[in-house]
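# Analysis of the macromolecular model
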Amino acid sequence: MYKHVFTLICIILCFTMPVYCLEETTTTTTQTYQWIVVGAGCSGATLARKLLDYFPNDKVLLLERGIDNLDPVFTDETCSPEPHIFNTTRPVTCTYPAIIAPRRSVSPALGSHIFTSIPQPQLKNRTISFGAGNCTGGGTSINGMVAFRALREEFEEISATPGLEEFNYHAFLPYYKKIEDNENNNPKVFWDRNGNSGRVSVTNHKVGTLFNEKAFLKASIANGVYPSDINSLQLGGLSKAQATITSNGRRASSAINYLDSTARNSYRFTLKNTCRVRRILFNSAGTQATGVEYQTGNQIFTAFATKEIIISAGTVETPRILKSSGIGPSGELQALGIPVIRDMPVVGTNYFEKPLTLANFRLTIPDNPKMNTSIVLSNSTFRQWKYYGTGPLTGWNNPWAVHGGSSNLDAEFHEQAPLPDTTYNFTNWMRLVCWNAETKSRGSIQLNPSDIYGSPIIDVALLRDSSDADKLIACNYKFRKILKEAGIISDDLLPSTSVWENTTAFRDYVFSIVSATQHNCGTCRLGSNSSVAVVDGRHRVFGIQKLRIMDYSIFPYVLRVNPALTLYALSEKLADYIREDYQSSPPLGRVTLQFQCTPPVTAINDYSIWSVKNKHSKPYVYHWSSTTGVSGSFSVEAYSQSYFFTPVDSTQAVTLKINGVTISTKYATNTTCTY
C-alpha cells in the first residue's frame with residue numbers, strides 16, 4: 001500500500017514540479033549562459049577571464065575535460081618531499097616544484113592525456129605518443145615553461161594572407177607586453193622590451209648553468225650562429241630562454257594567472273571539470289551554433305549560449321569536436337552516419353608537428369655528487385622551495401636555445417643536473433634537442449569509427465617526407481661541433497661515437513629516435529576562405545554563426561619557438577575582437593596614419609613599420625624621407641613612443657631627421673599592416 005502511495009506522489013510531483021522530476025529521472029539537464037568556452041587550457045582560461053571582465057552582466061561556462069588545478073593533486077598545502085612525487089604512475093600531493101614539469105607531460109596521473117598515433121610506416125611502424133594538458137591550465141600546467149615570443153618573420157608570413165593582415169608583428173606586440181610581468185622589463189634598453197604588469201610571470205632561470213658561456217658563445221659565433229634577444233627584438237638566433245615561473249619558484253599556469261580567486265568566486269563564472277564535450281548544437285537551419293552537449297561520467301548534459309561558443313580544446317580535440325558535430329569532410333561524416341552541417345574538407349588536415357631528436361653527451365666538468373637525485377629531493381631543498389622560493393627546485397637548467405636566425409636551425413641545450421633523472425649514474429651530462437620547424441610532412445585527425453566522441457585517429461606523419469630528416473641531421477652535427485669546440489662536452493653517450501662517425505648510421509638513428517615536440521597545430525587553420533581554412537582572421541568558423549576557435553590548431557604553420565606566450569597574447573587579442581564586435585572598442589595595435597604620403601600609395605603591403613621613442617621632456621616632430629623622394633612627418637609626445645609607416649619597400653633606405661639633423665638611416669623591413 002505504501003509503495004502505491006509513494007508512486008502516486010511521484011506522479012503528482014512530475015506534473016506539478018517538472019523541472020525537479022526531470023533532473024532526478026533522466027541523465028540530461030540543461031543550462032543557459034551567454035558564453036561557453038570549451039577547454040580550460042592556455043587559451044580557454046584566458047578567454048573565459050577576459051569575457052568576465054569585458055561583459056560584467058554575462059555568465060560564462062568553462063568546460064574542461066581534466067581535473068582542476070586546485071585539486072589536492074596540485075595544491076601546496078600537503079606538499080611532501082617523498083620520492084613518490086616523481087613517480088609518473090601515481091598522483092602527486094603538491095603543486096610540484098617547477099623543475100618537475102617534464103614528468104607531468106608524459107603521465108595521465110599528473111594532469112596529462114596521452115595520445116598515440118597510428119603506426120608510422122616511415123618509422124618502421126612505430127607509434128608516436130605525446131601528452132596534452134588534461135587539467136585546468138592545459139599545457140601551461142604540464143609544459144616545460146619555456147617563455148619565448150614568436151619571431152617577426154613568422155608573423156609576416158601569416159599576415160601576408162588576405163584577411164589576416166592584423167596578424168602582423170606590430171599588431172601582436174602590444175599583447176605580448178600586456179600579458180607579461182617580466183623581470184627583465186627595462187625600457188631604457190629596448191622600447192619594445194617587455195611588460196611588467198601582466199598576468200603571466202616571466203622570469204630568468206635561477207638555477208644557473210654549468211656551461212662555460214663565454215666559450216659557448218665564441219664557438220657559436222665562429223660557426224655562424226649569432227646571439228640575439230628573441231624576447232626583445234623577436235629576431236632569430238641564439239638566446240637565453242626565460243620561463244613562466246613566478247619569483248618564488250612556482251609554475252605560472254593560466255589556471256593561476258587568469259582563473260584566480262576573483263574569477264572563481266564570481267557568481268557569473270562556472271567551471272566544470274571532467275567534462276568531455278561530445279558535440280556542438282545548432283539551430284534548425286544548421287547555420288548558427290546554439291550550445292554544446294557534454295558528458296560527465298555516464299551522464300549527458302546540454303548547455304546553451306545566447307551569444308557565442310568558443311572551442312579551445314587543442315589541435316587534436318578541436319577538429320574531433322567539429323567533425324562529431326557535423327562540420328568536416330562530408331564523405332567522412334556520411335560514412336559514420338553523422339548529419340552534415342557544413343562540408344568543410346580542410347577540418348583535421350594540415351596536422352603540423354615538429355619532429356624532434358635527442359643526443360646525450362658527458363660534460364667535461366667533474367661529476368657533482370651534491371647534485372644527485374637523492375640530495376636534490378632532500379627535505380632541506382624541498383623546504384627551501386616550499387617556504388622560501390629558493391634553491392635547485394625553483395627551476396630547471398634550460399638556459400640556451402637557438403631559433404632560426406643565421407643558422408636557420410632550431411635547438412635547445414638541456415643540462416640534466418639538478419633534474420631528478422636516473423638515466424645515468426652520474427650528473428655531469430647534457431642533452432642536445434634538435435627539431436625541424438620547416439617540415440614538409442603533414443598528418444591528419446580523423447574520427448574513430450568505433451567511438452566518434454572518443455580519442456580520434458591521429459596520423460602524425462613525422463619524417464614522412466624523408467628530406468625533413470636533413471635539417472635534423474645538420475642541426476645535430478652543427479651543435480655537437482660547437483659544444484666540442486667550446487670544451488663543454490667530452491664523450492658521446494647517445495648515440496655512440498661510432499654512430500656519429502657514420503652518416504648512414506646516424507640517419508638511421510634519427511629515424512629510430514624521432515619523436516613529437518608536442519607543439520602540434522594546423523588542423524583548424526586560419527585563412528581567407530573555407531576552401532583552404534576553417535576560421536577567418538577573427539577566428540570565426542566559416543559558414544557558422546556564433547562559433548569561434550582559439551587554440552594552436554588555428555595556426556597555419558608551426559612556430560619555431562614554444563607557443564605559450566603567443567597563445568596567451570592571441571587569446572587576449574581575440575577577446576578584444578569579440579569586445580569590438582559587441583561594444584565597438586578597437587583592439588590594441590590598430591593605428592591610423594597621422595601624415596600625408598606623396599605620392600599616394602594604394603598597395604597595403606608596400607608599407608613598412610617603424611617605431612620611434614621620444615625620451616625627452618617635450619614633444620618632437622620627426623621628418624622622414626626615402627631614396628625615391630617619398631617623405632612624411634609625425635609627432636611623438638614627451639616620454640612616449642609611436643609607430644609610423646613608410647610607403648616604401650625593403651629595397652629603399654629611409655632617413656629619419658629631427659630639426660634637420662639626421663638621426664637614423666637604414667633599410668626598412670617590408671611588413672603588412674592594417675590601419
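Data block above holds the structure.
Anyway, here's the lowdown on the structure attached to this text. (Residues numbered from 1 in each chain as written. Predicted model: local features only at pLDDT ≥ 70, side-chain atom pairs only at ≥ 80, totals over all residues. Heavy atoms only, no water.)

This part is about the pattern of salt bridges. Under the definition given, this model contains 29 salt bridges. A salt bridge links Arg320 to Glu317; the nearest nitrogen and oxygen atoms lie 2.9 Å apart. Here the residue Arg320 and the residue Glu317 both occupy positions in helix 11 (residues 314-325), the gap between them amounting to three residues, near one helical turn. Given a relative accessible area of 1%, Arg320 falls into the buried group. (Salt bridge = Lys/Arg side-chain N within 4 Å of Asp/Glu carboxyl O. Helix = DSSP H or I, 4+ residues; strand = E, 2+ residues; numbered from the N terminus. Buried < 20%, exposed > 50% of the residue type's maximum accessible area, 1.4 Å probe, protein only.)

This part covers the nonpolar core. Core analysis: the largest hydrophobic core is formed by 93 residues, its most contacted members being Leu547 and Phe555. In this structure Leu547 touches Ile280, Ala289, Ile309, Ile311, Leu322, Ile327, His539, Arg540 and Val541, once residues within four positions along its chain are discounted. Counting residues in hydrophobic clusters, the runner-up holds 45 residues, among them Ala359, Ala411, Leu432 and Ile445. (Core = buried A, V, L, I, M, F, W, Y, C linked by side-chain atoms within 4.5 Å. Contact = heavy atoms within 4.5 Å.)

Moving on, we get to the state of the cysteines. One pass over the structure, following the stated rule, counts one disulfide. Across the disulfide, Cys434 is cross-linked to Cys475 (sulfur-sulfur distance 2.2 Å). Because the torsion about its S-S bond is -80°, the bridge between Cys434 and Cys475 counts as left-handed. Taken together, the residues Cys434 in strand 19 (residues 429-435) and Cys475 in helix 15 (residues 468-485) connect sequence positions 41 residues apart. Accessibility classification places Cys434 together with Cys475 in one group, the buried group. (Disulfide = S-S within 2.5 Å.)

To continue, consider the sheet that holds strand 9 (residues 242-243). Pairing is mixed in the open sheet, where four strands are placed in the order 5-9-7-6. Single-partner strands in this sheet number two, and they are strand 5 (146-147) and strand 6 (180-182). As paired elements, strand 6 and strand 7 (residues 200-204) share three bridges and run parallel to each other. Among the inter-strand pairings, Asn182 is bridged to a residue of strand 7, identified as Val202. Each of strand 6 and strand 7 is contacted by helix 6 (residues 169-179), which is oriented at about 60° to strand 6, the strand it contacts most. (Pairing = 2+ DSSP bridges. Axes fitted to C-alpha atoms, helices over the stretch in contact; angles between N-to-C directions.)

Turning next to the packing of helix 7 (residues 213-222) against helix 15. As a packed pair, helix 7 and helix 15 sit with axes 8 Å apart at the nearest point and diverge in direction by 135°. By the criterion of interaxial angle, the relationship of helix 7 to helix 15 is oblique. Relative to helix 15, helix 7 is oriented so that their crossing is right-handed. Packed against helix 7, whose contacting residues are Phe216, Ala219 and Ser220, the element helix 15 presents Ile482, Leu483 and Glu485 at the interface. Each residue belonging to the contact of helix 7 with helix 15 can be placed in one class, and the counts come to four nonpolar, one polar and one charged. (Parallel < 35°, antiparallel > 145°, perpendicular 65-115°, else oblique. Left-handed = near helix turned anticlockwise from the far one by under 90°. Nonpolar A, V, L, I, M, F, W, Y, C, P; charged D, E, K, R; others polar.)

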